[in-house]
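For reference, the chains in residue letters:
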Amino acid sequence: MKMENITPSWCNRQTNRLVVERRVPGECGRPRKAHQTLANGVADTLSCPLKEYIDKLDSYNITSSLEWYRGCDPIVNGNDRYTYLPDGKLNIGLVESTSNFYTCTLTFSLGGRIGSVSETIEAFVSRKYSMTPRVNQPANEIIKEQMGSNFYKLCRVFVPCVGKPWVHIFWLVRNKIISNTDPAERVYTSEQRKEAQKVPEEGVWLERVLTISELREEDFHINYTCRAYSAKGFPESYFTLLPADPNDILPIGSVLGGVTVLFIVSVSIYYLFKVDIVLWFRSMFPILYTNTDLDGKLYDAYVAYAQPRAVGFSTEVEAFVLHTLPQVLEKACGYKLFIAGRDCMPGMAVVDSVEENIQTSRRLLLLYTASTFIRSSISNNNNNINKSSDSRDNSESKTSDRSSNMSFDGSEEVYPDLRQQLECLEAMHRTLLEESLKVILVEMEEITPAQLALFPESVRHLRKKQGAVCWWKNPSMKQRWRTCMRTKEDEEKGGQDTQPSASLSPSSRFWKEMRYSMPVRGKRALYPEKTALLNL
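For clarity, every value in this text was computed on a predicted model and none was experimentally measured.

1. Considerations on the overall build of the protein
A tally of regular secondary structure across the protein gives 12 helices and 26 strands. Counting the 536 residues in the protein, one finds 36% classified as buried. When the accessible surface of the protein is split by element, carbon and sulfur atoms take 53% of a total near 32600 Å².

2. A short note on the environment of proline 133
By the secondary structure assignment, proline 133 is in the loop between strand E11 (129-130) and strand E12 (134-137). Residues proline 133 and lysine 232, spaced 99 residues apart in sequence, show a C-alpha to C-alpha distance of 7.7 Å. With near-sequence residues (within four places) excluded, proline 133 lies in contact with Val157, Phe158, Val159, Val167, Ala228, Ser230 and Pro235.

3. Overview of the nonpolar core
Counting 25 residues, the largest nonpolar core has Val303, Leu325, Leu365, Leu367, Trp511 and Met514 as its most contacted members. Of all elements in the fold, only strand E22 (299-304), helix H4 (315-332), strand E23 (337-339), strand E24 (361-368), strand E25 (438-443) and helix H11 (509-517) reach the threshold of two or more residues within this core. Considering every element that reaches this core, the biggest residue donor is H4, with six residues. For leucine 325, the residues in contact, after removing those within four places along its chain, are Val303, Phe320, Glu330, Leu337, Leu367, Trp511 and Met514.

4. Considering the pairing of strand E10 (residues 113-126)
If a strand is regular, its side chains alternate between the two faces of the sheet. Bridge analysis of strand E3 (residues 33-39) against E10 gives seven bridges, and the strand direction is parallel. Across the sheet, histidine 35 pairs through a bridge with glutamate 122, a residue of E10. Pairing between strand E9 (residues 100-110) and E10: 11 bridges, direction antiparallel. Residue pairing across strands places asparagine 100 opposite alanine 123, the latter belonging to E10. Count of turn residues in the E9/E10 antiparallel hairpin: two residues, of which glycine 111 carries a positive phi of about 65°.

5. Details of the packing of aromatic side chains
Geometrically, a pair of aromatic rings is defined through the distance of the ring centres and the angle of the planes. Per the counting criterion, the structure on display carries 20 aromatic pairs. A connected cluster of aromatic rings, assembled from ring pairs, spans Phe151, Trp171, Tyr224 and Phe239. Directly above the ring of tryptophan 205 sits arginine 156, whose terminal nitrogen or CZ lies 4.0 Å from the centroid. Sitting over the ring of tryptophan 166, lysine 164 keeps its end group 5.3 Å from the ring centre.

6. With respect to the sheet that holds strand E13 (residues 141-145)
Strand order in this open sheet of five strands is E13-E21-E20-E15-E16, and the pairing throughout is mixed. For this open sheet the edge positions go to E13 and strand E16 (176-177), each flanked by a neighbour on one side alone. Summarising the sheet, strand E15 (residues 168-173) and strand E20 (residues 222-229) pair through six bridges and their orientation is antiparallel. Note on E20: the bridge partner recorded for phenylalanine 170 is arginine 227.

7. Here's the deal with the side chain of lysine 153
Turning to its location among the elements, lysine 153 is positioned in strand E14 (residues 151-162). Here lysine 153 falls in the buried class, since its relative accessible area comes to 14%. Apart from residues no more than four positions distant in its own chain, lysine 153 is found in contact with Gln137, Pro138, Glu141, Ile143, Trp171, Arg208, Val209, Leu210 and Phe239.

8. Focus on the side chain of threonine 240
Along the chain, threonine 240 turns up in strand E21 (residues 236-243). Judged by its relative accessible area of 14%, threonine 240 falls in the buried class. Polar contacts involving the side chain of threonine 240 include one to the side chain of asparagine 223, which spans 2.5 Å. Residue contacts for threonine 240: discarding those within four places in its chain leaves Glu141, Ile142, Ile143, Ile222 and Asn223.

9. Quick notes on the state of the cysteines
In total, this model carries three disulfides according to the counting rule given. One disulfide in the model links cysteine 28 with cysteine 72; its S-S distance is 1.6 Å. A torsion of 100° about the S-S bond marks the disulfide between cysteine 28 and cysteine 72 as right-handed. Of this pair, cysteine 28 sits in the loop between strand E2 (11-15) and E3 while cysteine 72 is found in the loop between strand E5 (64-70) and strand E6 (73-74), placing the two residues 44 residues apart along the sequence.

10. Re the sheet that holds strand E26 (residues 469-470)
Taking strand neighbours across the sheet as the criterion, the five strands line up as E23-E22-E24-E25-E26 in an open arrangement whose pairing is parallel. Each having just a single partner strand, E23 and E26 make up the two edges of the open sheet. Bridging between E25 and E26 involves two bridges; their strand directions are parallel. Counted as the bridge partner of valine 442 is valine 469 from E26.

11. Points about the pattern of salt bridges
Under the definition given, this model contains 25 salt bridges. Notably, a salt bridge pairs aspartate 219 with arginine 186, separated by 2.6 Å at the nearest N-O pair. One end of the pair, aspartate 219, is in the loop between strand E19 (203-212) and E20; the other, arginine 186, is in the loop between E16 and strand E17 (187-189), with 33 residues separating them in the sequence. Both residues of the pair, aspartate 219 and arginine 186, belong to the buried class.

12. Brief notes about a nonpolar patch on the surface
A contiguous nonpolar patch, built from Val261, Val265, Ile269, Tyr270, Tyr271, Leu272, Phe273 and Ile277 and spanning about 800 Å² of accessible area, is present on the exposed surface. Broken down by element, the residue count for the nonpolar patch peaks at six residues, all from helix H2 (residues 249-272). Structurally, the position occupied by isoleucine 277 is in helix H3 (residues 274-284). By relative accessible area, isoleucine 277 is classed as partly exposed at 35%.

13. Looking at the pairing of E21
Where E13 meets E21, five bridges bridge the pair, whose relative direction is parallel. Across the sheet, the residue bridging to lysine 144 is leucine 242, located in E21. Count of turn residues in the E20/E21 antiparallel hairpin: six residues, of which glycine 233 carries a positive phi of about 135°.

14. Description of the packing of H2 against H3
Interhelical geometry of H2 versus H3 gives an angle of 80° and a closest axis separation of 4 Å. Compared by their axis directions, H2 and H3 come out roughly perpendicular. Judged by residue contacts, Ile269, Tyr270, Tyr271 and Leu272 of H2 engage Lys274, Ile277 and Val278 from H3. Looking at the contact of H2 with H3 residue by residue, the class counts come to six nonpolar, no polar and one charged.

15. Overview of the packing of helix H5 (residues 350-359) against helix H7 (residues 418-434)
The N-to-C vectors of H5 and H7 enclose an angle of 35°; their axes lie 10 Å apart at closest approach. Regarding H5 and H7, the two cross each other, and that crossing is right-handed. Within the contact between the two elements, H5 uses Val350, Val351, Ser353, Val354, Glu355, Ile358 and Gln359 and H7 uses Leu418, Arg419, Leu422, Glu423, Glu426 and Arg430. Grouping the constituent residues of the contact of H5 with H7 by class yields six nonpolar, two polar and five charged.

Conventions we followed
- Per chain, residues are indexed from 1 in the order of the written sequence.
- Given that this is a predicted model, residues contribute local features only at a pLDDT of at least 70 and side-chain atom pairs are listed and counted only at 80 or more, while totals for whole chains, interfaces and linings are drawn from all residues.
- Calculated side-chain values reflect all of the structure's heavy atoms, with hydrogen atoms and water omitted.
- Helix numbering and strand numbering both begin at the N terminus, where a helix is a DSSP run of H or I of at least 4 residues and a strand a DSSP run of E of at least 2.
- Three exposure classes are used, based on accessible area relative to the maximum for each residue type with a 1.4 Å probe and protein chains only: buried under 20%, partly exposed in between, and exposed over 50%.
- Using a 1.4 Å probe, the Shrake-Rupley method yields the accessible areas, and only the shown protein chains count as cover for residues.
- Any two residues whose heavy atoms approach within 4.5 Å at even a single point are treated as in contact.
- Among buried residues, those of type Ala, Val, Leu, Ile, Met, Phe, Trp, Tyr and Cys that are joined through side-chain atoms within 4.5 Å constitute a nonpolar core.
- Whether two strands pair comes down to DSSP finding at least two bridges between them.
- When two rings of Phe, Tyr or Trp (its six-membered ring) have centres within 6.5 Å they constitute a pair, described as stacked for plane angles under 30 degrees, edge-to-face for angles over 60, and tilted for the intermediate range.
- To sit over a ring, a charge needs its Lys NZ or Arg CZ within 6 Å of the ring centre and within 35 degrees of the ring normal.
- Any pair of nitrogen or oxygen atoms within 3.5 Å is treated as a polar contact; in protein, a donor-acceptor pairing is required on top of that, and neighbouring residues in sequence qualify only through side-chain atoms on both sides.
- In this description, a disulfide is simply a cysteine sulfur pair whose atoms lie within 2.5 Å.
- Any Lys or Arg side-chain nitrogen found within 4 Å of a carboxyl oxygen on Asp or Glu counts as a salt bridge.
- Each patch groups residues whose relative accessible area exceeds 30% and which form no salt bridge, using 9 Å between like charges and 5 Å between nonpolar side chains of Val, Leu, Ile, Met, Phe, Trp and Tyr.
- Here an axis means a line fitted to C-alpha atoms, over the contact stretch when the element is a helix, while the angle between two N-to-C directions is reported on a 0 to 180 degree scale.
- Every angle not falling under 35 degrees, over 145, or within 65 to 115 is termed oblique; those three ranges are roughly parallel, roughly antiparallel and roughly perpendicular.
- Charged residues are taken to be Asp, Glu, Lys and Arg, nonpolar residues to be Ala, Val, Leu, Ile, Met, Phe, Trp, Tyr, Cys and Pro, and polar residues to be all remaining types, Gly included.
- Each helix crossing is assigned a hand: it is left-handed if the near helix lies turned anticlockwise from the far helix by less than a right angle, otherwise right-handed if that turn is clockwise.

This is the structure:
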């Protein structure tokens, strides 16, 4: 058949050949058939050869429908293993071993008339098959990497098949296949690798690795696609490469580590040099501390020690109290001490003297040796206090009797020396119960655990709670107590002081600890109302 189209300017001739074939009697479908292969015993699909006509009708918005036949029997969508799929495909849930003829008929309406066109497929069933590949990796993901680092990514595809599949996989970037497999290049892929699998599903794994030896700026913010090419289609999956977020863990970890180390070092330094730091701070910033001269107290410290002819008395301790303490704390450091035997008012009752002078002192220095707290079984009659009726009332007499009959830890044993006993009682009562007085324990000689076990419980508790300033740790103790007493050479020089030893220096460790425990000599004045309350 010839068609001619004549226009004023030119002429066009088009020739189409129309072939009409008669149906074969007794057969359904067209005499000329297409050929497709189905995989035996698995699900597979047939594609209608009329796909081009379907797309053409859809482009003109012409309504059409597609119907499938198996032999001469129509196939109902969703029944007996058959499902209609888009794009003119038919899914067969389980392919039988026998070959069959399948016909797809396209029905459409054009110009008010109903027309149809059909194609017949002769489906051969093969024991060997290759199904649609499934891309396992990548998984349409976003991957972040550091600039300049090496990068590797696997393209992994599974092909359900029996026999050798005709499938090839490639990496694509910007829709271009990366065909380079030379490791000398910056961007390349490996050769395709194949690995067979029997269970849980028979098939073949195909792999190809994408390698970028050094990531550059142009490698980011683009998609890298793994695509499988097969007769069943071209499934693909991709990943997007983005720059990695700034690594805040390292700087934060470094800062926290540095702060931790600095804190540990600071705490260690403060622990080792706490006394020196505090004393330096007090000397540099006295204005931050209250002036103690206005608190109503007369003495910075009350010195308590075993008196002469008392149990635990030591001439060395007495020399330390009467000579060394005043020379350093009073003369060198400016403190004012109350020392029994030196500052007591003549004729004053012992009870009154102890109570009033402790009341007017800011600290109490309790000096002791291993024998200071030794108790002896002395009758209560030798420790009772006999006072005249005009000097003490009945309540004070009861207090005196109770004090003389009890040790300061509550036992019924007594100390032979009344002053020593009262000082200990008053000190422990005020520091442990009232918390109105700070007691500084001064350990004059090393105390063994066995000796410490014989100390009163209150002294052991206080020593464990706040520790003690140890005179015996002073380096000058290599020659025991020499710094506490004057020698004959000193007396021959008319009582003049010889060159002071290290033990008499306020900067030695022992005296620093003593100064640390003593009241702070500040310069900040108290408010008048507070001063008045203290004087009540």
